[in-house]
Amino acid sequence: CDFVCNCEGCSDERKCGYGQNFLCDFERSLCGWSDRSGPSTAWERRQRHETLPDNAPFSDYTLGTDAGWFVAVQSSSSEHSSVALLESPVMSEAAASCEVRLRYFMWDSGVSEGVLGTALWASVWRLAEGAGGLVWRPGVSSVRGWRDASFFPGRLPRGFILRLHSQHGPHEPGAVAIDQLEFRNCALPDQGPCTEGEVRCARGGCVSSEKLCDGTDDCGDNSDERGELCGEYRKCDFEHGTCEWQQMKMASLKWKLTNQMSLHATFDPMTGPGRDHTTNTDQGNFLYISTAASNESDWTSLESPVLEPTNDTNPCGLVLYYHLFGPRVGGLSVIVMTAEKLYPVLEKGGEYGDLWVKGQVDLVVNTTFQLVLYYHLFGPRVGGLSVIVMTAEKLYPVLEKGGEYGDLWVKGQVDLVVNTTFQIIVMTSLREGQYGGVAVDDLILSPGCRNSQVQNTISTHPSSTSCGEGQFQCASSECVAHTLVCDFKEHCRDGSDEAQCGGTDFKDSSGGWTDRSVGTRQWIHLSWESNSTYGYLMVLPAPGQVSTAARALTPVLGPSGPFCSLRLSYGTLGNTTRPGMLSLNVVEQDRGTRSEVWRYQGNTGGQWLSAMVTIGARERGFQVEVRGHVPDFLAETHLIAINKFEFLTCNISEPDNSRELTCNFEAGLCGWYQDQTDSFDWFLENGSDHTIGPGVSVSVPLWSPSLRGLTGRLLSYPQPTPSTSLCLSFWYQLYGPQTGSLNVKLRSVNDGQELLLWTRSGSHGNTWHHGNCLLTPIPPNFQLVFEAVRDGFDGHVAVDDVMVTESCPTQTSCSFEGWDCGFSSSGYERWVRQNWATGEVTPGPPSDHSLGTDRGYYMIADTSLPSGSVSVLRSEERSAPLWPECVQFWYHKGGDKPGSLRVFLQEVGGGRVQVFADNVSQGNAWRHGNVNISTTRDWQLVFEAEGAGGVQAYIALDDITYIPHTCPGPASVCDFESGQCSWSNTQDPVLDQLDWTLTSADSQSYYPAPPHDHSLLNARGHFLFLPSSQRATAGQTAWLLSPHFPPTTGTCLSFWVHRAVHGETTPCSLPSLLSPLPLLPLLSPVINF
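For clarity, every value in this text was computed on a predicted model and none was experimentally measured.

## Details of the overall build of the protein chain
Assigned secondary structure in the protein chain consists of 2 helices and 68 strands. Taking all 1089 residues of the protein chain together, 52% fall into the buried category. A separation threshold of at least 6 residues defines the contact pool for the protein chain, and within that pool the share at least 24 residues apart is 76%. For the protein chain, the computed accessible surface area is about 47800 Å², with 50% contributed by carbon and sulfur atoms.

Written as structure tokens, this is what we have:
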């Protein structure tokens, strides 16, 4: 367990907290990790539950399906807060460059304060020393999805254990999980030959000469830090004070010499570094600032002694380690300050007696001002008093770091060549934030840094502006609110509020991009002049310890409009077999998320290429991040550079087509756009179209292995309140063995509340279906939402031909998810629309039929009534059908003596006819019913629930569908040419996980299928189909349910099954009939009595 394969097959590195390739994805085991929790909670290896959970992960990260494994924390059963502890095996040692990358899930469903600030963290325990420290704290944001994180445990020279902790309060619903643990660059330097620029360690192996005497054991035996090599370096590790470094006296914000053991006593888990850099434990000291002493100052500095001039052959080298963690971090700068002239303007020597003496001088230094002071020089100890004027020649930064860098120590290194006496000033600033602060440790001065004989401190104060708190001073001197800076709209007369926001050609400056690299690569702004000025941002070597990508970020941006995009010009050069990688991400610090929006990996041959990247509509608070990574970095042969960024149409104002909700998607998205807060996008798909067949629709390929996350959402532009009611009409497709769900929602722009209007889930066949929903109640400013839910992982969701009209046609289906579909109730007890989670009628079905969850809605009547008492549910009036119709519905009966369910055809202005009756309790399950409707009058459908004097009895209804043809009889042939007849997929996750789907050979393009059906013997004939998929469906089943039949002494079921004969595939099985079957289309079942 030392991250080196010493045995054949790397068997010495198995169950070390990782497996093959130093990765643990928990698919086969815990990789040696073990639960060490108390009795009330625990970490456990698990999969997603059968139904979509409210707060737990909906899939693992590795496979992205419900078949994948992860580790998660059980809900606490204690009345008190409890901590779950997951421990790694004992690991031998780790290099200073070690990186642990993982995916984590931390979500509070919102029922209560489920996820605390201490919901998840990591620590290391060093066995020999009996000490440890925190190494990772991901913040307190709650996101329903997997997030990416890395932590860096630092140099660990002897046996150690990694620990993952999670804390919940009593009975809290927050969910915490971990997946895809990967250990990178954790082995000590290998024993190979050294290359140019490297030095050999005493134990063997090589390190870069730039890592000598830098305060970190890079060799693994500390030979790169030994005394005879580094004796003349001046290192301040703050274990016994601040050495020769001093705090600036005029700053009200003061450094604090402390350690994590002392900070932990504050009971704030997010305070300070979890360990120092010197000892890598929570007992080691560092300097730290977190909150200002008053509102007058949010900065402080640390000053070196005055140093002698240096030159190119013997520069002054500074190494320091800084920890910038949390939203309170403003930044850190290393500044060089030089003095040109130092002269006295008032000198008084000896004592003056026991009195106050007035001193006054007039000074001319760029402008005229007057100094008045009173001094008291009394007694023989008095030497004298002088007033000295010092003019600063130059004040310039040599290292600037803005914003937070994460929960780790980052190495900074600069070589200074200054031709006059100077001081090094480490200046830091804070801003408002929930937690965090700035720490420094291990300040090291090289032998070239020689103290000056004249130690007059050179001091200055940060410049201030005339603007108030929370304001930005324009270059033209006026003030604007900070929230208006970088919002893609100019508020300053000179446009300076938008000048440093990331849109730049790099000729004059970095354009607001700041480097946030923590490893061996960094982004550097370079510019030069030839016939004209050129500039770019380039990846170059950095002094960091860890091998991570170079990172640069814009300032905080937004809000942005739906059509916001970023155009960049980039170039790469280097090894074609292992090319560099360039990517763009959108970072939301408040949510703790980073989403990749563009990636390029290759070699442009030194040519500049252009790319257009969608940013989309986002709230204020996001940043754009550019990452550049080169394997086996060689600056002379591997280059990544960017010479232009340009933000386009990012102003939040609406485009001209913002009202065009009616759309066939042939020319784009019309008045719809992608939601940037979801997990994946809808695609304009050519060739799968309802309008013209080969045209365009919008779709989500849920079978794609690259998809992660729960939802993909398509939003309309905000709409004003209409004067009349509106109806949303559309065509949809839900196809595949594990399709997922499609929701339509109504969203209030003002408060963000969403109302579910319509939903469908499971396979509806490889064909288009019509959907519509009444938009009610409509808030003052609203949006419509199409939401694809990835609660299935092998299917296809599509939408086409969206229309908004003033009224809805007669309902063709009703799932009761958004409203009651116009049904009305009367009688002894009223029918109630409810779900299991929040319903008033109890007991009831624990899940609805549409969604199969306790959040899905149905209609229910309490039948714990006296015998003969009736509750009536009546539909809206429907027009007389042109031909007989079939009404299908699902019903659920429960309790002792649930009573009878009867269905009537009620003619308007005429009589009524009973078309269905069931007075038998059929168990705790949804049952299918259907009736034929044939009349020449307008009509209504009437459901009657009659009580039988039972206890806790009920009858429930769901998923009522009107079909324009007669219902198939129980003793008929179903050839699937007109649908599935009365055969249906169950939505009960206990019974099965997959669906049979209706398709034909000529409409099937994704899955392998039979060349024709059995009934028509051509490619247009239909059949039911269960494909053998590449998705992780091994061991999962698909149930096909017949309608209910009366008792019989003998029944024959006959059908045709197609068995594919080709190559090796993962076999499926049809129990007791045929096995194995690579894929199972089911054709023409016949039932004979």
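## A look at the layout of surface pockets
Of the pockets and cavities examined, the second largest pocket occupies roughly 1400 Å³. Ranked by residues supplied to the lining of the second largest pocket, first place goes to strand E60 (residues 951-963) with 4 residues. Here the lining of the second largest pocket is built from residues that sort into 15 nonpolar, 28 polar and 4 charged.

## What about the side chain of Thr739?
One can find Thr739 in the loop between strand E44 (726-738) and strand E45 (741-748). Judged by relative accessible area, Thr739 falls into the buried class, the value being 2%. Polar side-chain contacts of Thr739 include one of 2.8 Å to the backbone oxygen of Gly736.

## Brief notes about the state of the cysteines
Taken as a whole and judged by the stated rule, the model has 16 disulfides. The side chain of Cys5 participates in a disulfide bridge whose partner is Cys10; the two sulfur atoms lie 1.8 Å from each other. Of note, the bridge from Cys5 to Cys10 carries an S-S torsion of about -70 degrees and is left-handed in sense. One disulfide in the model links Cys886 with Cys967; its S-S distance is 1.9 Å. The chirality of the disulfide connecting Cys886 with Cys967 is right-handed, given an S-S dihedral of about 100 degrees. Here the residue Cys886 occupies a position in strand E55 (residues 885-896), and Cys967 occupies one in the loop between E60 and strand E61 (984-985), the gap between them amounting to 81 residues. Using a relative accessible area of 1% as the deciding quantity, one classes Cys886 as buried. Of all cysteine sulfurs in the structure, the one in Cys727 sits closest to Cys773, which takes part in no disulfide; the separation is 6.6 Å.

## Considerations on the pairing of strand E31 (residues 533-541)
The pairing of strand E30 (residues 521-529) with E31 spans 9 bridges and is antiparallel. In the strand pairing of E31, Glu529 is matched with Thr533. Direction of pairing for E31 relative to strand E38 (residues 639-648): antiparallel, over a ladder of 2 bridges. The residue of E38 that forms the bridge with Leu537 is Ile642.

## Structural notes on unusual backbone geometry
Across the chain, the bulk of peptide bonds are trans and the bulk of non-glycine residues have phi less than zero. In this model, Gly558 is joined to Pro559 through a cis peptide bond whose omega is 5 degrees. Here Pro559 shows up in the loop between strand E32 (550-553) and strand E33 (565-573). Of note, Phe506 is a non-glycine position whose phi angle comes to about 65 degrees, a positive value. Structurally, Phe506 can be placed in the loop between strand E28 (479-481) and strand E29 (514-515). Here Asp959, not a glycine, exhibits a phi torsion of approximately 50 degrees, which is positive. Within the secondary structure layout, Asp959 lies in strand E60. Asp959 sits in the buried class, given a relative accessible area of 13%.

## Concerning the packing of aromatic side chains
Per the counting criterion, the structure on display carries 42 aromatic pairs. Relative to Tyr1006, the ring of Trp703 has its centre 3.7 Å away and its plane inclined at 5 degrees; by these criteria the two rings are stacked. On the criterion of sequence distance, the pair formed by Trp703 in the loop between strand E41 (696-701) and strand E42 (711-716) and Tyr1006 in the loop between strand E62 (997-1000) and strand E63 (1022-1025) is long-range, its members being 303 residues apart. Taking the relative accessible area as the measure of exposure, Tyr1006 reaches 41% and is therefore partly exposed.

## So, the nonpolar core
Within soluble globular proteins, side chains that are nonpolar tend to cluster in buried spots. Within the largest apolar cluster, 37 residues are counted, with the highest numbers of intra-cluster contacts made by Trp245, Tyr322, Ile424 and Val426. Breaking this core down by element, the ones donating at least two residues are strand E17 (286-289), strand E19 (316-325), strand E20 (329-349), strand E24 (410-416), strand E25 (422-430) and strand E26 (437-445). Here this core gets 5 residues from one element, more than from any other, and that element is E19. Contact partners of Trp245, with chain neighbours within four places excluded, come to Cys236, Leu302, Glu303, Ser304, Leu318, Ile424, Val426, Leu443 and Leu445.

## Some remarks on the sheet that holds strand E35 (residues 593-601)
As summarised here, the arrangement of the 5 strands in space is E29-E32-E37-E34-E35, forming an open sheet in which the pairing is antiparallel. Looking at which strands have only one partner, the edges of the open sheet turn out to be E29 and E35. Two strands pair when backbone bridges link them, and strand E34 (residues 581-588) and E35 are joined in this way by 8 bridges, in the antiparallel orientation. Within E35, the position partnered with Asn585 by the bridge is Glu596.

## Examining the confidence of the model for the protein chain
Note that predicted coordinates carrying low pLDDT should not be read in detail. Taken over all residues, the pLDDT of the protein chain has a mean of 86, while the share at 70 or more is 89%. Below pLDDT 50 for its whole length, residues 1063-1067 participates in 7 contacts with residues either more than four positions away or in separate chains. Below a pLDDT of 50 lies the segment residues 1071-1079, which in the model reaches 28 contacts outside its immediate sequence neighbourhood of four places, other chains included.

## A closer look at the environment of Gly317
Here Gly317 is to be found in strand E19. On the accessibility criterion, Gly317 (11% relative accessible area) is buried. Residues Gly317 and Tyr233, 84 residues apart in the sequence, show an inter-C-alpha distance of 9.5 Å. When neighbours within four sequence positions are excluded, Gly317 is seen to be in contact with Val414, Asp415, Ile444, Leu445, Ser446 and Cys449.

## Overview of empty space enclosed by the protein
Per the stated rule, a full pass over the model turns up 4 cavities of 30 Å³ or more. In this structure, the largest cavity spans a volume of roughly 80 Å³. Along the walls of the largest cavity sit Thr810, Gln811, Cys814, Cys821, Phe823, Ser875, Glu876, Glu877, Arg878 and Tyr962, which together make up its complete lining. Classifying every residue of the lining of the largest cavity gives 4 nonpolar, 3 polar and 3 charged. Looking at the second largest cavity, its volume works out to about 60 Å³. Lining the second largest cavity are 14 residues, with Leu757, Trp758, Ser815, Trp819 and Cys821 positioned closest to its centre. Sorting the residues of the lining of the second largest cavity by element identifies strand E46 (754-761), strand E47 (769-775) and strand E50 (813-814) as the ones contributing at least two each. With 3 residues, the single largest contributor to the lining of the second largest cavity is E46. When grouped by side-chain class, the residues that make up the lining of the second largest cavity number 7 nonpolar, 5 polar and 2 charged.

Rules used throughout
- Residues numbered from 1 in each chain as written.
- Predicted model: local features only at pLDDT ≥ 70, side-chain atom pairs only at ≥ 80, totals over all residues.
- Heavy atoms only, no water.
- Helix = DSSP H or I, 4+ residues; strand = E, 2+ residues; numbered from the N terminus.
- Buried < 20%, exposed > 50% of the residue type's maximum accessible area, 1.4 Å probe, protein only.
- Contact = heavy atoms within 4.5 Å.
- Areas by Shrake-Rupley, 256 points an atom, 1.4 Å probe, with all protein chains shown as cover.
- 1 Å grid on protein atoms, 1.4 Å probe; cavity = no way out; pocket = protein on both sides within 12 Å on 5 of 7 lines; lining within 4 Å.
- Points joined across faces, edges and corners; volume = space filled by probe spheres on them.
- Nonpolar A, V, L, I, M, F, W, Y, C, P; charged D, E, K, R; others polar.
- Polar contact = N/O pair within 3.5 Å; in protein donor to acceptor, adjacent residues only side chain to side chain.
- Disulfide = S-S within 2.5 Å.
- Pairing = 2+ DSSP bridges.
- Phe/Tyr/Trp six-rings, centres within 6.5 Å; stacked < 30°, edge-to-face > 60°.
- Core = buried A, V, L, I, M, F, W, Y, C linked by side-chain atoms within 4.5 Å.
- pLDDT = per-residue confidence, 0-100.

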